[in-house]
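# Per-entry structural report
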Amino acid sequence: MTIFISIAAYRDPELVPTIEDCLARARWPERLRFGVCWQHGADEAPPPTLDNRRMRVIDVPWEASRGACWARAQCMSLYDGEDWFLQLDSHHRFAQDWDAILIDQAQRSGSALPLLTAYAPAYDPAIPVPANERPTVMRFDRFTPEGIALCQFGPVAEKPDGAPIRARFLSAHLLFAPGRFVADVPYDPDLYFIGEEISLAIRAFTHGYDLFHPGQHVAWHEYTRKHRSKHWDDHRAERGVETPWHARDAASLDKVRRFLATPEVGRFGCGTARSFADYEAYSGISFRRRHASREARRGDEPEPLPARAVTRDWTVRVSLDRAALPDAALRHPLFWYVGFHDRQGNEIARDDAGRAEMHALLNGGDGPIRIERRFASTCPPARWTVWPVDRRGQWLDRIDGMIDAAGEYPVIEVTA
C-alpha cells in the first residue's frame, strides 16, 4: 500500500532531517510518496533528491506564501491516487516501522473511513528523541474570542492490546486517512492558522470519517519554533509582501467564526453523512453556548454515535396533462395535496400547492402543469400523489404514479 505524505514546509531547517528520518524508520520506504510545498529563501536547503515518482515539490519563494493552510492545499494538488494520505509538519521524528503501525491501526479500527490523528509528543532537534513514549490523546483547552475551540494533548495509558482510541478532535500535524480524503475533505486555502483543526475535524466527521488516536506511539513533533522562521514574523507590510499576515489571519478567523455559527454543506463546508449537531453531540462541544463537557476537557474516549440512515436531498418534477384533470380541480381549487411515499406507502414528504401557487400554475397557458418539490429523506420516494380539493373542500379524484429512484440522480422527472 502506498502512502502520500503531505509536508508544508516554511523556511524550516528541519525539513531535510524530517524526510530522511521518515524514510529511515519506515518498514516500506519504497512505498512512500512525498508532496512538499517548499516555501523558502534563496539560501535554504531544498528537500532531499528522490526520483520524480517519489518526490513532488512545489517551489515557492517565501514572499509568495499565503500561509499554512494554503500550502497544505498546494500539497494536496500533488496527490496521485496513493492508497493512504498522511499530513505532517516539516519537523518530526518517527518511531520504528511507523508506517506499518498506522496501517495496522487503521485496519484495527473497524471503520470504513478511519482517520488517525494526534498531537505527537515533543522532541528537541539538538538531543536524541526520548525513549519509551506513550501515545497521546487530545482534549479541549479553551475557546478563542471568536468561539473557536482549541485543544491540548496529554499522555494516555496505552491499551494492553494497543488498539486505536476514539478521538474527539483532530491534529493537522499528524493526520492519516484513506487517500480519498483528498477529494472528500480538500483543504481550504483561505484559512490561515487558528481554526484550521476544529473546522477540519467537523468537516471530516460530517463526511463520514471516524476519528481515532493511534493506540501506539508513532512520531514526535517539535513545538517550540525556535529553530525556524515564522510566517507571521516575515509577512509584515514593511517587508514588501503582498498581504500582511494579520490581514490574512483576520479574514480567516472571520470565515471560521461564520462556519461555526451557521455551518453549511459545501466543498469547504460540512458533508452529508453526519450533521454538525452530530459532531457537537459526539465531541461534547457546544459552539453556540461556548461550552465543553467535562469529558471533552479530560480527553475521555467518546462513545460512538449510533448508526443512522443517510439523509439525501431529492427533487421531483411532476408533469400533469391539463386535459386529464377534472374541471373542478382547475377552477379556483382550494388547494392541491402534493405528497410522496415510500414503497410501503408511508408518507415521507408533503408540500401542498396553495392558492398563490395554483393561480400561477393554472394560468400558465395550455401546456402541461409542472409541479416541482424538493425534500430530504432517508429513503427514496417510490410514489407521488397529487390530490385536488375543490372550492367547497371536497376531495376530487387523486392522480398518482410510481417513481423510479433506483439511481443516484438528484432530480427525478415523472409524467402523469
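Here the structure is a predicted model, which means the values were calculated and not measured.

## Some words on the overall build of the protein chain
Counting its regular elements, the protein chain contains 11 helices and 21 strands. The C-alpha radius of gyration computed for the protein chain amounts to 27 Å, which surpasses the reference 22 Å derived for 416 residues by more than 25%, pointing to a less compact arrangement than a globule. Dimensions of the protein chain along its principal axes, counting C-alpha atoms only, are 90 × 55 × 45 Å. Counting all 416 residues of the protein chain, 53% fall into the buried class. Once local pairs closer than 6 in sequence are excluded, the contacts in the protein chain between residues at least 24 apart make up 72%. A total of about 19,700 Å² of accessible surface is found on the protein chain, and carbon and sulfur atoms cover 49% of it. Of the charged side chains in the protein chain, 53 are positive and 59 negative; the average position of the first set lies 4 Å away from that of the second.

## Brief notes about the sheet that holds strand β19 (residues 383-389)
Overall, antiparallel pairing links the four strands, which are arranged β17-β16-β19-β20 in an open sheet. Two strands in the sheet have a free side with no partner beyond their single neighbour: β17 (347-350) and β20 (399-402). Each adjacent strand pair in this sheet contributes to an overall mean axis angle of 20°, direction not counted. When β19 meets β20, the two strands line up antiparallel, connected through four bridges. Note that in β20 the partner of R383 across the bridge is M402.

## Concerning the packing of aromatic side chains
Under the defined criterion, the tally for this structure stands at 20 aromatic pairs. Ring geometry for Y119 and F153: centres 6.3 Å apart, planes at 80°, overall edge-to-face. Taken as a pair, Y119 in the loop between β6 (114-117) and β7 (136-143) and F153 in strand β8 (residues 149-155) lie far apart in primary sequence, 34 residues in all. Residue Y119 is classed as buried on the basis of its relative accessible area of 11%. The partly exposed category is assigned to F153, whose relative accessible area is 30%.

## Quick notes on empty space enclosed by the protein
Under the criterion given, the structure shown has one cavity of 30 Å³ or more. Roughly 70 Å³ of volume is contained in the largest cavity. Lining the largest cavity are 13 residues; nearest its centre among them are A118, P135, T136, Q216 and V218. Taken together, the residues of the lining of the largest cavity sort by class into nine nonpolar, three polar and one charged.

## Topic: the layout of surface pockets
Empty space left among the atoms is revealed by rolling a probe the size of a water molecule over them. Of the voids in this model, the largest pocket is the one considered here, and its volume is about 960 Å³. As for the largest pocket, its lining consists of 43 residues, of which R72, D89, F193, E196 and R225 are closest to the centre. Residue assignment for the lining of the largest pocket shows that the elements contributing at least two residues are β1 (3-10), α2 (68-76), β7, β8, α5 (196-206) and α6 (231-234). No other element matches β8, which puts five residues into the lining of the largest pocket.

## Quick word on the pairing of β17
Taken together, the three bridges between strand β16 (residues 335-341) and β17 define a ladder with antiparallel strand orientation. Bridging from a neighbouring strand, H341 pairs with E347 of β17. A loop of five residues connects β16 with β17, the two strands running antiparallel in sequence, and G345 in this loop sits at a positive phi of about 90°.

## A closer look at α2
Judged by how many residues are buried, α2 sits mostly within the fold: seven of nine residues are covered. Burial in α2 covers these residues: C69, W70, A71, R72, A73, C75 and M76. Of the surrounding secondary structure, the elements contacted by the buried residues of α2 are β1, β2 (32-40), β3 (55-61), β4 (84-88), α4 (181-184) and α5.

## Side note on the side chain of R72
Within the secondary structure layout, R72 lies in helix α2. We classify R72 as buried; its relative accessible area is 6%. Polar side-chain contacts of R72 include one of 2.8 Å to the side chain of E196. Excluding its chain neighbours within four sequence positions, the residues that come into contact with R72 are S6, A8, Q87, L88, D89, A172, Y187 and E196.

## With respect to the environment of H332
Take H332: it is sitting in the loop between α10 (327-330) and β16. Relative accessible area serves as the criterion here: at 61%, H332 is assigned to the exposed category.

## Some words on unusual backbone geometry
The phi angle of most residues is negative, glycine excepted, and most peptide bonds adopt the trans form. In this structure, R11 takes a positive phi of about 45° despite not being glycine. Take R11: it is sitting in the loop between β1 and α1 (15-24). Among the residues examined, R11 registers a relative accessible area of 17% and is labelled buried. At H332, a residue that is not glycine, the phi angle is positive and equals roughly 50°.

## Some thoughts on the environment of G162
Assignment of secondary structure puts G162 in the loop between β8 and β9 (165-166). On the basis of relative accessible area, G162 is assigned to the buried category, the value being 4%. Taking the C-alpha atoms as reference points, G162 and L113, separated by 49 residues in sequence, lie 20 Å from one another.

## Quick notes on the nonpolar core
Of all hydrophobic cores here, the largest spans 54 residues; its most connected members are L115, F169, F181, I202 and F287. When near neighbours in sequence (up to four residues on either side) are disregarded, F181 contacts M76, F85, L115, L175, P186, A204 and Y209. Within the second largest apolar cluster, 30 residues are counted, among which are L32, I101, I103 and L174.

The rules behind each value
Just so you know, the residues in each chain are numbered from 1, in the order the chain's sequence is written. Given that this is a predicted model, residues contribute local features only at a pLDDT of at least 70 and side-chain atom pairs are listed and counted only at 80 or more, while totals for whole chains, interfaces and linings are drawn from all residues. Computation of side-chain values: all heavy atoms of the structure, hydrogens and water removed. In this text, helices come from DSSP runs of H or I with a minimum length of four residues, and strands from runs of E with a minimum of two, each type numbered from the N-terminal end. We take the radius of gyration over the C-alpha atoms and set the globule estimate at 2.2 Å times the residue count to the 0.38 power. Only protein chains enter the calculation, and the probe is 1.4 Å; a residue is then buried if its accessible area is under 20% of its type maximum, exposed if over 50%, and partly exposed in between. Pairs of residues are marked as contacts when any of their non-hydrogen atoms sit within 4.5 Å. Using a 1.4 Å probe, accessible areas were evaluated by the Shrake-Rupley method; residue-level cover was limited to the displayed protein chains. The positive count covers Lys and Arg only, the negative count covers Asp and Glu only, and His and the chain ends enter neither. To locate a charge, take NZ of a lysine, CZ of an arginine, CG of an aspartate or CD of a glutamate. Pairing between strands is defined by DSSP: at least two bridges between the two strands are required. With axes taken as lines fitted to C-alpha atoms, and helix axes fitted only over the stretch in contact, angles between N-to-C directions fall between 0 and 180 degrees. Paired rings are identified among Phe, Tyr and Trp, the last through its six-membered ring, by centres lying within 6.5 Å, and are further divided according to the angle between planes into stacked (under 30 degrees), edge-to-face (over 60) and tilted (the rest). Any residue with an atom within 4 Å of a point lines the site, the site being either a cavity, points on a 1 Å grid over the protein atoms alone where a 1.4 Å probe fits but cannot get out, or a pocket, an open set with protein on both sides within 12 Å along at least 5 of 7 lines. Grid points are joined across faces, edges and corners, and a volume is the space filled by probe spheres set on the points. Residues are sorted three ways: Asp, Glu, Lys and Arg are charged, Ala, Val, Leu, Ile, Met, Phe, Trp, Tyr, Cys and Pro are nonpolar, and all the rest, Gly among them, are polar. Polar contact is defined as a pair of N or O atoms within 3.5 Å, subject to the rule that within protein one atom must be able to donate a hydrogen and the other to accept it, and that residues adjacent in sequence are counted only when both atoms are side-chain atoms. What we call a nonpolar core is a set of buried Ala, Val, Leu, Ile, Met, Phe, Trp, Tyr and Cys residues that are connected through their side-chain atoms within 4.5 Å.

Nothing here speaks to function; it is geometry throughout.
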